[in-house]
Amino acid sequence: EVEDIGRTSSFRDVFDYAPDTDGKTLLGDRWLRRGGSCLLIGPSGIGKSSLVLQMVIAWALGRPAFGITPDHPLRVLVVQAENDQADMHEMVAGVCQGMELSFSSSAHATLQSNLTFNHNVSHTGYPFTQALGKLIAAHKPELVVMDPLLSFIGADISRQEVCSEVLRNWLNPIADKTGVA
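Residues numbered from 1 in each chain as written. Predicted model: local features only at pLDDT ≥ 70, side-chain atom pairs only at ≥ 80, totals over all residues. Heavy atoms only, no water.

**Focus on the environment of Ile57**
So the rule is basically this: We count a stretch as a helix when DSSP gives it H or I for four or more residues in a row; a strand needs E for two or more, and each element gets its number in order from the N terminus. Whether two residues touch is decided by their heavy atoms; if any such pair falls within 4.5 Å, the residues are in contact.
In this fold, Ile57 is placed in helix α2 (residues 48–60). Not counting residues within four places of it along the chain, the set of residues in contact with Ile57 comprises Val92, Val95, Met99, Leu101, Leu111 and Leu115.

The following block contains the structure:
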């Protein structure tokens, strides 16, 4: 009756665990691990989307971004709700120019295989998490960025019960099952 209630570990299992060799770290020194999550929070219009794009482009190439180094070139899925194709082009082109990535470089081939964008303006709440599960199954990313999370929650994010339901009950099981961060 308790087998489906999280993971149970003995003291010895926890004590003997080797997190540095388990292959679950994606970014930094266990900064972000498979099945884990991170929130980037800030007011509207300060450049969160541009910052995130610079980070995911670097990480998709296996390069550090702002001192956070990926374990390897990451497969990344960016699910976008606010920025249209022209906005995304402008940000991506700017990041590539700033990183001095020429179109003919091998970096572009790596980005083509490691970085996928999805523009989703029609799913919120539980239907969004179901759609996200399908996108993860199709694209097999290691890292998923939802930009902005508020567009996908579909309820008042200032309410604890809303955050718990969406983040803990709907998104965490997807991350746990797939190993995506």
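**Structural notes on the nonpolar core**
As a reminder of what qualifies: We call a set of buried residues a nonpolar core when its members are Ala, Val, Leu, Ile, Met, Phe, Trp, Tyr or Cys and they connect through side-chain atoms within 4.5 Å of each other. Exposed residues in this analysis have more than 50% of their type's maximum accessible area, buried residues have under 20%, and partly exposed residues fall in between, with area computed by a 1.4 Å probe over protein chains only.
Grouped together as the largest cluster of nonpolar side chains are 29 residues, with contacts concentrated most on Val56, Ile57, Trp59, Val76, Leu101, Leu115 and Leu143. Those elements that place two or more of their residues in this core are β1 (25–27), α2, β3 (76–80), α3 (85–98), α4 (106–114) and β5 (143–147). Among the elements that take part in this core, α2 stands out by supplying eight residues, more than any other. Every residue in contact with Leu143, bar those within four places of it in the chain, is listed here: Leu32, Val56, Trp59, Leu74, Arg75, Val76, Leu77, Val180 and Ala181. Formed by 18 residues, the second largest nonpolar core is a distinct cluster that contains Leu77, Leu132, Val144 and Trp170.

**What about the pattern of salt bridges?**
Where side chains of opposite charge bring their charged atoms close, a pairing between them can arise. Worth spelling out the cut-off: Any carboxyl oxygen of Asp or Glu within 4 Å of a side-chain nitrogen of Lys or Arg constitutes a salt bridge here.
Counting across every chain of the model gives seven salt bridges. Between Arg12 and Asp16 there is a salt bridge, and its shortest N-O distance comes to 2.4 Å. Placement of the pair is Arg12 and Asp16 together in helix α1 (residues 11–16), with a separation of four residues, close to one helical turn. Given the relative accessible area of 55%, Arg12 is considered exposed. For Asp16, a relative accessible area of 43% translates into the label partly exposed. Members of the salt-bridge network, linked through shared partners, are Arg34, Arg75 and Glu142.

**Observations regarding the pairing of β3**
To keep things clear, this is the line we draw: Strands are labelled as partners when DSSP assigns at least two bridges between them.
A large share of β3 lies buried, amounting to five of its five residues. Two strands pair when backbone bridges link them, and β3 and strand β4 (residues 115–119) are joined in this way by five bridges, in the parallel orientation. Residue Gln80 lies in a different strand from β4, and its bridge partner there is His119. As paired elements, β3 and β5 share five bridges and run parallel to each other. Bridging from a neighbouring strand, Val76 pairs with Leu143 of β5.

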